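Architecture and fold: a report
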Amino acid sequence: MYLDEYLYCFGICLLLLKKLFPYLNNRIFNPPTSRERSTRPKKKELLNDGGPDLQDFISGDLSEKSKWAEYKGNLRTEKGERLRLPPWLKTEIPIGKNYNKLKNTLRDLNLHTVCEEARCPNIGECWGGGEYSTATATIMLMGDTCTRGCRFCSVKTARRPPPLDPDEPYNTAKAIAAWGLDYVVLTSVDRDDIADGGAEHFAKTVSTLKEKEPRILVECLTPDFRGDLAAVEKIALSGLDVYAHNVETVRELQRHVRDPRANFDQSLSVLRHAKRVKSTVLTKTSIMLGLGETDQQIQDTLTGLREAKVDCLTLGQYMQPTKRHLKVKEYVTPEKFAHWEKVGNDMGFVYTASGPLVRSSYKAGEFFLKNLLEKRKAEVTVAE
């Protein structure tokens, strides 16, 4: 078949698509003008009142930092409406050789990542390499189904998820070794259906990974294990370098945002105990902003974290994953996030990452912690 015949067939296919799919015809062949978009009926907006879709996250004309001040949209809800995504929350479409390689490895070994399950907007940067050149991912252990139902989280839920995969510790270590990473984050769903919450499985994954790659730095982002401090201790002593557990939001919004089985004091006890049983471990937590919290509530939360000797803190914008989840109450500006970063550093946190797209397992944070941990290990070696 010659080139002109290929082009003819391609043209026929386009015509068929145009005839058979009116939606594609409207959206692709005849996209609405900006004037038409602004005059659409209110009913159409209500029908689409869900979480941000892919288009919301694709960088547009206002995504350049220099133009952020031009944004005139609402940043705080007034009558429960869905807010439009401001330009500082728009990111690039995830593409690239590293991104595809990492995704294929995960599928081949039946592993899951919180990057995908929680629909993280930074997946393109972290998986693709980004500023720090090494692709990273947060591996989610113990399956992709959680026994809890927090109102901000899009991970699947069930009372009795499938049993644990006994090969997962080995497969996880194998995958990470194949990527050649020097810093990795391991997290998991909550498994209240298991006696120890899956702590033994979690700890085995860490020890297997350390045996295979002793140089690798491991951060574990754990559940609260229903307050079972023996489970916390098991993981804290497994060979990890950073013990992370997220309080998620301020004390006053815990019951509104998290599953009823979680609470602020229980989370603090997890972080406090990890530091108690292994004083050299770095402890870390994360808070989402934009759920209706006040400045004073944030300040009080940070104070409580420092009293529990938490070392590292990340603050990021909450974004509604689907229409079934909590709506965003406010889009916090980059300037406000910069304010909280300064507050955190002034309060004595070893590391504070605060920004609209910052997440608990954020690539730039991992880069900083890697250097900090290596520096500490070098100091210990010199002292000996």
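Look a little higher up for the structure.
Reading guide: rules and limits
- Residues numbered from 1 in each chain as written.
- Predicted model: local features only at pLDDT ≥ 70, side-chain atom pairs only at ≥ 80, totals over all residues.
- Heavy atoms only, no water.
- Buried < 20%, exposed > 50% of the residue type's maximum accessible area, 1.4 Å probe, protein only.
- Helix = DSSP H or I, 4+ residues; strand = E, 2+ residues; numbered from the N terminus.
- Pairing = 2+ DSSP bridges.
- Salt bridge = Lys/Arg side-chain N within 4 Å of Asp/Glu carboxyl O.
- Core = buried A, V, L, I, M, F, W, Y, C linked by side-chain atoms within 4.5 Å.
- Contact = heavy atoms within 4.5 Å.
- Right-handed = clockwise from strand over helix to strand, strands pointing away.
- Axes fitted to C-alpha atoms, helices over the stretch in contact; angles between N-to-C directions.
- Parallel < 35°, antiparallel > 145°, perpendicular 65-115°, else oblique.
- Left-handed = near helix turned anticlockwise from the far one by under 90°.
- Nonpolar A, V, L, I, M, F, W, Y, C, P; charged D, E, K, R; others polar.

Description of the pairing of strand E2 (residues 138-141)
Along E2, one buried face is formed by Thr138 and Met140 and the opposite face, lined by Ile139 and Leu141, is buried too. By the bridge criterion, four bridges tie E2 to strand E5 (residues 183-188) in an arrangement that is parallel. By the bridge assignment for E5, threonine 138 is matched with valine 185.

A word on the pattern of salt bridges
Counted by the stated rule, this structure contains 18 salt bridges. The partner of arginine 76 in a salt bridge is glutamate 330, and the shortest N-O contact between them spans 3.3 Å. Of this pair, arginine 76 sits in the loop between helix H5 (54-57) and helix H6 (97-108) while glutamate 330 sits in the loop between strand E9 (312-317) and helix H15 (334-347); the two residues are 254 residues apart in sequence, bridging distant segments of the chain. The partner of lysine 336 in a salt bridge is aspartate 295, with the nearest N and O atoms 2.8 Å apart. Residue lysine 336 is located in helix H15, and its partner aspartate 295 is located in helix H14 (residues 295-307); the two are separated by 41 residues in the primary sequence. The partly exposed category is assigned to lysine 336, whose relative accessible area is 28%. Here the residues in one salt-bridge network are Arg148, Asp190, Asp192, Asp224, Arg226, Asp259 and Arg261, joined through shared partners.

Examining unusual backbone geometry
Of note, phenylalanine 225 is a non-glycine position whose phi angle comes to about 50°, a positive value. Looking at the element boundaries, phenylalanine 225 is found in the loop between strand E6 (217-221) and helix H11 (229-236). One non-glycine residue, lysine 309, adopts positive backbone phi at about 65°. You can see lysine 309 is positioned in the loop between H14 and E9.

Observations regarding the nonpolar core
Within the largest apolar cluster, 36 residues are counted, with the highest numbers of intra-cluster contacts made by Leu289, Leu302 and Leu305. Put simply, the parts of the chain that give this core at least two residues each are helix H13 (264-277), strand E8 (282-289), H14, E9 and H15. Beyond its immediate sequence surroundings of up to four residues, leucine 302 is in contact with Ile287, Leu313, Trp340, Val343, Met347 and Phe349. Among the nonpolar cores identified, the runner-up in size contains 31 residues, and Met142, Leu181, Ile216 and Leu240 belong to it.

Things to note about the pairing of E8
Within a regular strand, side chains alternate between the sheet's two faces. With respect to burial, E8 is a largely interior element, eight of its eight residues being buried. Here E8 shows two buried faces, one formed by Leu282, Lys284, Ser286 and Met288 and the other by Thr283, Thr285, Ile287 and Leu289. In the sheet, strand E7 (residues 242-244) pairs with E8 via three bridges, with the strands oriented parallel. For tyrosine 243, the partnering residue across the bridge sits in E8 and is threonine 283. Where E8 meets E9, six bridges bridge the pair, whose relative direction is parallel. What sits directly across from threonine 285, in E9, is leucine 313. As for the winding sense of the linkage, the β-α-β connection from E8 through H14 to E9 is right-handed.

Regarding the packing of H14 against H15
At a minimum axis distance of 11 Å, the contact between H14 and H15 shows a crossing angle of 30°. What the angle tells us is that H14 and H15 run roughly parallel. Helix-helix and strand crossings are classified by hand; for H14 and H15 the assignment is right-handed. For the pair formed by H14 and H15, the contact residues are Asp295, Ile298, Gln299, Leu302, Thr303 and Arg306 on the first element and Lys336, Trp340, Val343 and Met347 on the second. A per-class count over the contact of H14 with H15 returns five nonpolar, two polar and three charged.

Function cannot be read off these values alone, since they describe shape.
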